[in-house]
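Survey of secondary and tertiary structure
One letter stands for each residue in the lines below.
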Amino acid sequence: MMVGITYDLREDYLRQGCDEEDVVEFDCVETILAIESALGWLGHATDRIGDVRALVRRLEEGDRWDLVFNIAEGLQGFGRQALVPALLDAYAIPYTFSDPLTLALTLHKGMAKHVARDRGIATADFEIVGAVADLDNVALPFPLFVKPVAEGTSKGIGQTSKVQDGTELRAQCARLLARYRQPVLVETFLPGREFTVGILGTGEACDALGVMENLLQQEAEPEIYSYANKKYYERRVRFRLAADAAAAAAVQTALDVWRSLGCRDGGRVDLRCDTAGRVCFLEANPLAGLHPNSDLVILARLSGVPYVELIEQIVASAVRRCGARSARAAPAFGELHPAAQL
């Protein structure tokens, strides 16, 4: 196949004046090279498209691809990850990973938790705070955990994210609202083990790649998989595969989340245990990082799945989905998006 690759390149945004934290979710050239190399090894021709603006130009020029391998994160707004898939849908061009609805839904962690909770999936009690005045209606027991509602790569998460009283809560929410200009997710702090479940496939055909437990080391900021801990993971975090009863519960919860939110092809679900040891949903990552040292790739490597095979399985899932019917055909009534069937 001719496979186009859509992405946001970190270096491009740094040249435009963005700071390091602004671009932390974007990809570096090494990631693009790794994906190109894997696709080439699998026999596909590749074409670097770039970000959503580049995609618009290429579409206007009449360019088309058999499949687009989409890892574009977008820059701003709750729909930023949905922009590239929405354009590709408009032109009936198949692509890897989730559709616009799922990407917008999962980016907003509060909305994703609403759907998960309505489906009977365990998640910490939470509130969405759009202004400091909203805190007057928050009645959750301390300690609480506070983070931006629509960021990834642990942006906005640090030692002050765990708050012990109303004064700390108000100060932290005010800081996050000003810095990230989006609502804040306030949830009951979960003190237990933290897992990442890798998933490959779509719908009933999806399966867990493995369960990885994140173990914070002595040098790490305690209790929290923070932005700094993630950035300096080689010194601060040890990853190991888990295969006990809690890990099995994590797999079942992750698969329930994946199917309920309509995630496709490959990605991660992050979970953490509460005081009773119950596994709770944190967030879904249907557009997981694919740098050779990102969480999903590390998990795959620990599970005995090399990088090329990981990319092969993602592409195979997308091809199976798109081959089931013409890309231009309208969905039948029974094929509605899972999140629309609630």
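In case you missed it, the structure is sitting above this.
Quick caveat: nothing in here was measured; it's all calculated off a predicted structure.

**Some points on the sheet that holds strand S7 (residues 184-188)**
In sheet architecture, strand pairing relies on hydrogen bonds along the backbone and comes in two forms, parallel and antiparallel. Strand order in the open sheet formed by 4 strands is S4-S7-S5-S6, with antiparallel pairing between adjacent strands. In the strand order of this sheet, the two ends are held by strand S4 (126-129) and strand S6 (162-163), each with one partner. Here S4 pairs with S7 via 4 bridges, running antiparallel. Note that in S7 the partner of Glu127 across the bridge is Val186. Where helix H6 (residues 109-118) meets the sheet, its contacts fall on S4, strand S5 (144-148) and S7, and the angle it forms with S4 comes to roughly 150°. Against the sheet, helix H7 (residues 166-180) contacts S4, S5, S6 and S7, and its axis sits at roughly 10° relative to S5.

**With respect to the nonpolar core**
Judged by nonpolar contacts, the single largest core of 36 residues is most densely connected at Phe69, Leu290 and Leu310. Among the secondary structure elements, those contributing two or more residues to this core are strand S1 (2-6), helix H2 (29-41), strand S3 (67-70), strand S9 (207-216), strand S10 (237-241), helix H11 (295-302) and helix H12 (307-323). Counting residues per element, this core draws most heavily on H12, which supplies 6 residues. Setting aside residues no more than four positions away along its own chain, Phe69 makes contact with Val3, Gly4, Ile5, Thr6, Ile35, Thr96, Phe97, Leu290, Ile311, Ile314 and Val315.

**Here we look at the sheet that holds S1**
One open sheet accounts for 3 strands, arranged S2-S1-S3; its pairing is parallel. Whereas interior strands pair on both sides, the edge strands pair on one side only; in this sheet they are strand S2 (45-50) and S3. Each strand axis lies, on average, 30° off the axis of its neighbour in the sheet, ignoring direction. Two strands pair when backbone bridges link them, and S1 and S2 are joined in this way by 5 bridges, in the parallel orientation. From the neighbouring strand, Thr6 faces S2, where its bridge partner is Gly50. Packing of H2 onto the sheet brings it into contact with S1, S2 and S3, and relative to S2 it is tilted by some 155°.

**Topic: the environment of Gln159**
Note on placement: Gln159 falls in the loop between S5 and S6. According to the relative accessible area criterion, Gln159 is partly exposed, its value standing at 39%. The spacing of Gln159 and Thr46 is 113 residues in sequence and 42 Å in space, taken between C-alpha atoms. Filtering out sequence-adjacent residues up to four positions away, Gln159 remains in contact with Glu221 and Pro222.

**Looking at the packing of helix H5 (residues 100-107) against H6**
Contact geometry for H5 and H6: axes closest at 5 Å, N-to-C directions at 105°. If you check the angle between H5 and H6, you find them roughly perpendicular. Across the interface between the two elements, Leu105, Thr106 and Leu107 from H5 touch Lys109, Met111, Ala112 and Val115 from H6. When the residues that make up the contact of H5 with H6 are grouped by side-chain class, the tally is 5 nonpolar, 1 polar and 1 charged.

The rules we used
- Residues numbered from 1 in each chain as written.
- Predicted model: local features only at pLDDT ≥ 70, side-chain atom pairs only at ≥ 80, totals over all residues.
- Heavy atoms only, no water.
- Pairing = 2+ DSSP bridges.
- Helix = DSSP H or I, 4+ residues; strand = E, 2+ residues; numbered from the N terminus.
- Contact = heavy atoms within 4.5 Å.
- Axes fitted to C-alpha atoms, helices over the stretch in contact; angles between N-to-C directions.
- Core = buried A, V, L, I, M, F, W, Y, C linked by side-chain atoms within 4.5 Å.
- Buried < 20%, exposed > 50% of the residue type's maximum accessible area, 1.4 Å probe, protein only.
- Parallel < 35°, antiparallel > 145°, perpendicular 65-115°, else oblique.
- Nonpolar A, V, L, I, M, F, W, Y, C, P; charged D, E, K, R; others polar.

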